[in-house]
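Working through the structure, step by step
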Amino acid sequence: MAYNSIEEMLRMAEHPEGTPNEEFRVVGKRVKKIDAEKMVRGKPVYTDDFTLPGMLYARMLTSPHAHARIKEIDTSKAQALPGVHAVLTYKNVPRIPFYNAGQSHPSPSPTDFVSLDNKVRYFGDRVAVVAAETEEIAEAALHLIQVDYEVLPAVFDPEEAMKPGAPIIHDEPDSTGIHDPSRNVVARIEAESGDVGKGFAEADLVLETEVREPFQKHVSMEPHSVIGYWDEDGRLVLRSSTQVPFHVRRLVAWATGLSEKQIKVVKPRLGGGFGGKQDPVLDDLVAHLVIKTGRPVRMVLDRKEEFESTRARHAYIVRLKMGLKKDGTITAVSLHAVGDTGAYGAHGLTVLSNVGSKTLGLLRTKNMRFIGEVAYTNHPTAGAFRGYGAPEGYFALGTLIDEAAQKLGVDVLELYRKNWVREGDVFALAKPLGEGREGYENPVESVALEQCASTGADIIGWEKRNDPEWHEVPGKPWLRRGMGVAVVAHGSAIPGLDMGGAYIKINDDGSFNLLYGGVDIGTGADTVMAQIAAEILGCYPEDVIVFSGDTDFVPFDKGAYASSTTFISGGAVKKAAVKVADQIREVASEMLEVPAEQIHLEDRKASAPDGRSVTLREIAMRSLHMVDQHQIMATASHMSYRCPQPFAAQFAQVVVDTETGEVRVEKFVTVADIGQVINLNGAEGQIEGGVAQGLGYALSEEMVFSPKGHLMNPHVNQYRIFTSVDMPEMVTTFIPTVEPSGPLGAKSAAELPLDGVAPAVANAIANATGVRLREIPMTPERVLKALKEQGNP
C-alpha cells in the first residue's frame with residue numbers, strides 16, 4: 001500500500017480491529033508503536049546517530065586464515081602513523097578467558113574466548129584493533145600491521161572434527177567448560193524416556209531421514225555498533241546496539257577487570273537483532289580502547305565484517321527415526337543432531353537442547369530418545385538466531401511426518417492430529433533436556449492446534465492438493481503447483497531462570513512512568529508494555545511513558561531472547577501495575593468514601609458503583625501534594641517455572657519450474673495460538689517477519705565457504721535474503737486462547753513463525769513434483785538435481 005504522507009501512514013497504523021477478548025480496552029487492539037514516529041521521521045535514535053567531541057574511530061584487523069598461530073606481530077609502523085592513538089593485540093591486552101555469549105549466570109556456554117589471542121580459529125577472527133582520529137586513518141593503520149602466521153590444519157565438517165586425529169581448535173589450557181576439547185566436542189546430550197526399543201518393535205512402519213541445514217546470517221539492517229566513553233564520574237559508558245544490556249555490563253566487567261559498578265550500558269533503538277546482537281561482539285574491544293586512550297571510541301562494522309566476523313545460525317545435520325502404527329499413532333521417535341558451532345562455543349549446548357526439546361515437545365508419545373553433539377570447526381562462530389534450534393529440528397520432523405502420511409495413505413493433518421499434544425500433556429523429555437541445565441515439567445494449559453489446523457486448511461483450500469488438475473498451470477506444462485503444511489510449537493522464556501523487573505510511578509497529571517529492564521529490538525516491546533500497564537491502570541498507552549535499555553536506571557532483565565519479553569518482562573509490568581492500581585484505589589476510596597475493592601479504573605478515572613468518579617490527575621495531585629502525601633509507585637519482578645508453548649499450523653503453496661528448478665511461493669498461511677494477543681499490529685508483524693526469514697532459510701540463504709574456509713558471499717548482493725519483491729501472498733490469523741501463566745493470558749510469538757516454514761515449503765515441493773529434498777536451502781540447482789535423479793523431465 002502506498003501512503004501520501006508519514007501522517008497518513010501513522011493514522012493507518014492506528015486502525016482498530018477486533019480482539020479475542022472484547023473485555024479489554026487496549027489489549028488486543030491495533031496500537032501504533034510508541035517509537036514509530038521518531039523512527040520514520042529519521043530522528044537520531046540509533047547507536048551511530050550519536051557523536052562526542054574528541055571521538056576516535058576503531059577498525060579491526062581480522063585473520064586471513066581459518067586456523068593459524070600468530071608467531072609474531074609488529075605494530076610499530078601502525079602506531080607511528082599520525083592520528084593513531086592505540087593499537088591493541090594479544091601482547092598488550094590482558095589475557096582473561098571469558099564466555100562471549102549473552103546468557104544468564106552461570107552460563108552454559110564454555111569459557112573459551114579472550115579479547116585478543118595469539119591464535120586465530122576462523123577466517124575473520126580478531127587479530128588487532130586500532131583507534132584513530134578518523135576511520136580512514138584507522139583503516140590505513142591496519143595495513144601497516146605486520147603479522148607472521150603459522151598456518152595450522154583446519155577442519156570444516158563437525159563429524160570430521162570429532163574424529164581422532166582432527167586438528168584441535170581449542171588446545172589452550174585456560175579454557176573451561178568444554179565437554180571434550182581433545183575431540184573438539186563443545187557439548188553432548190543424551191536423554192531418553194519410555195521404552196524406545198519397544199516402541200520401534202511395535203511399529204508397523206519405521207522411517208528414517210537425514211537432513212542438512214546451513215549457517216544462516218541475521219542480516220539486520222543496522223550493523224553492530226558501539227560507542228564507549230568515560231563519563232564525568234569516571235565510569236565507562238557503552239552505548240551499544242545490544243539485545244542484552246545487563247549481560248554486556250557483566251561480561252565487559254569480566255573481560256576488562258573493571259567492576260559492574262564502574263560500567264553503564266545504554267541500549268538505543270535497534271535496527272534489528274534476531275539473536276545476532278545477543279553477544280558482546282564489539283563491546284569488550286571498545287572498552288579496552290577507551291581504557292587505553294581515555295577518549296571516546298566509536299566502532300561500527302561494515303557489511304562485509306558483519307558477514308565474516310559476527311554470529312550466524314548453527315549449521316546442523318539431523319537424523320530422525322520414527323515408528324508408527326497403521327492408524328498413524330507414533331510409537332517411538334529417536335532424534336540425533338550434530339551441530340557446527342564454528343570457532344567458539346557460544347550457545348552451542350543450549351541451541352542443541354532446543355533442537356530436541358522444542359521439536360519433540362510437539363508430540364504426545366512417551367517413547368523418545370535425543371542424542372546430540374556440538375563440535376568446534378574452523379567456520380565463523382555460530383550463536384543465537386531466531387528459532388534457536390527449533391527450525392533445525394522441525395525441518396526433519398515436518399518432512400518425515402509428511403512422508404509417513406504419504407506411505408500410510410492418510411492426510412498429513414490427520415497424522416498430526418493423532419500425535420500432537422493436548423491440554424494436560426507433559427513433555428516426556430522436559431526435565432532431562434531443559435536448556436543448558438535440568439528443566440521443569442510443563443503441563444500444557446492452553447492449546448488450539450485443532451482450530452489452527454482446520455482454519456489454515458480452510459484458508460488455503462487444502463482439499464485442492466488432491467485435485468490433479470489443480471497441480472497443473474494452464475498453458476505451462478513445465479510448471480507444477482503443490483501445497484504443504486507443517487505444525488509447530490515453540491516456548492516462552494527459559495523456565496526457572498529468566499527474570500525481569502519493572503517500576504511504575506504516577507505523575508501529577510495522572511500519567512505514568514514505566515521503567516522496565518527488557519529490550520525493544522524493533523519488536524514493539526515497549527508498546528506492548530505500555531498496553532499491559534494501561535489496561536490495568538485504567539488509562540491509555542499514550543499515558544504511559546516507557547523507558548528501557550539503561551543499566552543505571554531500569555531494573556534487571558536478562559534481555560531480549562528466548563521468546564521471553566512479553567511473557568517475562570510483561571509479567572513484571574503486570575505485577576507492578578496491579579500494585580499501583582491497588583494504591584490508586586486506596587486513595588480514590590478515601591475521596592469517594594467507598595471500599596477500595598469497589599473502585600473501577602477506566603478512561604483515566606476511578607469510579608464508584610453509583611457513578612461518581614475522580615480522575616487519575618485528581619488522585620495524583622491529592623497523593624503527591626495534599627493529603628497523606630506519598631508517591632504512588634511499585635516495583636515487581638517476574639520469573640516463571642512455566643514455559644507455555646505457542647502453536648501454529650503453517651501452509652505453503654508453491655509453483656515449481658521443472659526445467660530450471662526454481663521454486664516460487666505463491667501463498668503462505670500461518671494460523672497461530674499465541675494466547676491473548678496484546679498488540680495485533682505487532683503480532684502480525686512478528687509472524688510475517690518470521691515467515692520472511694524462514695523462506696530465506698528454506699530457499700535461498702546459505703553461507704558458502706571455499707575449501708580453505710573463506711566466506712564466498714559476504715555481501716547482500718551475493719547472500720540472497722527474501723525481500724518484499726520475493727514475498728508471497730501472506731495470510732496471518734490467530735486463534736484466541738488464554739494462557740494461565742502469561743500476563744493477561746499471553747504467550748510468545750517471536751520465534752514460532754520461523755519454525756515451520758522450511759518443512760511446509762519442502763512438503764509443497766514434494767506434493768508438486770514427488771521429489772523430497774533433505775537439504776536446505778532448496779535452491780534451483782538442488783531442486784533440478786533432485787528432479788533429474790528421480791527421472792523427471
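The rules behind the values
Residues numbered from 1 in each chain as written. Predicted model: local features only at pLDDT ≥ 70, side-chain atom pairs only at ≥ 80, totals over all residues. Heavy atoms only, no water. Helix = DSSP H or I, 4+ residues; strand = E, 2+ residues; numbered from the N terminus. Rg over C-alpha atoms; globule rule 2.2 N^0.38 Å. Contact = heavy atoms within 4.5 Å. Lys, Arg positive; Asp, Glu negative; His and termini not counted. Charge placed at Lys NZ, Arg CZ, Asp CG, Glu CD. pLDDT = per-residue confidence, 0-100. Axes fitted to C-alpha atoms, helices over the stretch in contact; angles between N-to-C directions. Parallel < 35°, antiparallel > 145°, perpendicular 65-115°, else oblique. Left-handed = near helix turned anticlockwise from the far one by under 90°. Nonpolar A, V, L, I, M, F, W, Y, C, P; charged D, E, K, R; others polar. Salt bridge = Lys/Arg side-chain N within 4 Å of Asp/Glu carboxyl O. Buried < 20%, exposed > 50% of the residue type's maximum accessible area, 1.4 Å probe, protein only. Pairing = 2+ DSSP bridges.

1. Considering the overall build of the protein
- Secondary structure summary: the protein contains 21 helices and 26 strands in total.
- Taking 2.2 N^0.38 as the reference for a compact globule, 793 residues should give roughly 28 Å; the C-alpha atoms of the protein span a radius of gyration of 27 Å, in line with that estimate.
- With respect to the three principal axes, the spread of C-alpha positions in the protein is 85 × 75 × 55 Å.
- In the protein, 79% of the contacts between residues at least 6 apart in sequence involve partners at least 24 apart.
- Side-chain charges in the protein split into 82 positive and 106 negative, and the spacing between the mean points of these groups amounts to 2 Å.

2. Some words on the confidence of the model for the protein
- Residues with a pLDDT of 70 or more make up 97% of the protein, whose mean pLDDT is 95.
- A low-confidence stretch, residues 1-20 (pLDDT under 50), is modelled with 32 contacts involving residues beyond four sequence positions or located in other chains.

3. Quick look at the packing of helix H7 (residues 245-256) against helix H8 (residues 283-293)
- For the pair H7 and H8, interaxial distance at closest approach is 9 Å and the crossing angle is 55°. By the angle class used here, H7 and H8 are oblique. Seen along the crossing, H7 lies across H8 with a hand that is right-handed. From H7, Val248, Val252, Ala255 and Thr256 reach across to H8, where they touch Asp283, Asp284, Ala287, His288 and Ile291.
- Here the contact of H7 with H8 is built from residues that sort into five nonpolar, two polar and two charged.

4. Describing the pattern of salt bridges
- Going through the model one piece at a time under the given rule, you end up with 54 salt bridges.
- In this structure, the salt-bridge partner of lysine 163 is glutamate 160, at a minimum N-O distance of 2.8 Å.
- Exposure remark for lysine 163: the relative accessible area of 42% places this residue in the partly exposed category.
- Notably, a salt bridge pairs glutamate 445 with arginine 642, separated by 3.4 Å at the nearest N-O pair. Of this pair, glutamate 445 sits in the loop between helix H13 (430-433) and helix H14 (449-460) while arginine 642 sits in the loop between strand S23 (633-639) and strand S24 (647-657), and the two are 197 residues apart along the sequence.

5. Considering the sheet that holds S24
- Strand order across the open sheet formed by four strands is S16-S24-S25-S26, with mixed pairing between neighbours. Pairing within the sheet leaves two strands with one partner each, and these edge strands are strand S16 (479-489) and strand S26 (729-734). Across this sheet, the average inter-strand angle for adjacent strands is 10°, counted without regard to direction.
- Taken together, the six bridges between strand S25 (residues 663-673) and S26 define a ladder with parallel strand orientation. For valine 669, the partnering residue across the bridge sits in S26 and is valine 731.

6. Considerations on the sheet that holds strand S22 (residues 613-615)
- As summarised here, the arrangement of the three strands in space is S20-S21-S22, forming an open sheet in which the pairing is antiparallel. For this open sheet the edge positions go to strand S20 (600-602) and S22, each flanked by a neighbour on one side alone. When strand polarity is set aside, the average angle formed by the axes of neighbouring strands in this sheet is 25°.
- Alignment of S20 against strand S21 (residues 605-607), held across three bridges, turns out to be antiparallel. When the sheet's bridge partners are listed, histidine 600 is paired in S21 with serine 607.
- Its contacts with the sheet put helix H17 (residues 616-626) on S21 and S22, and the angle it makes with S22 is roughly 70°.

7. Examining the environment of serine 569
- Mapped onto the elements, serine 569 comes out in helix H16 (residues 565-592).
- Relative accessible area serves as the criterion here: at 2%, serine 569 is assigned to the buried category.
- Expressed as a C-alpha distance, the spacing of serine 569 and leucine 752, which sit 183 residues apart in the sequence, is 18 Å.
- In contact with serine 569, not counting residues within four places along its chain, are Tyr516, Gly518, Met529, Asp557 and Ser564.

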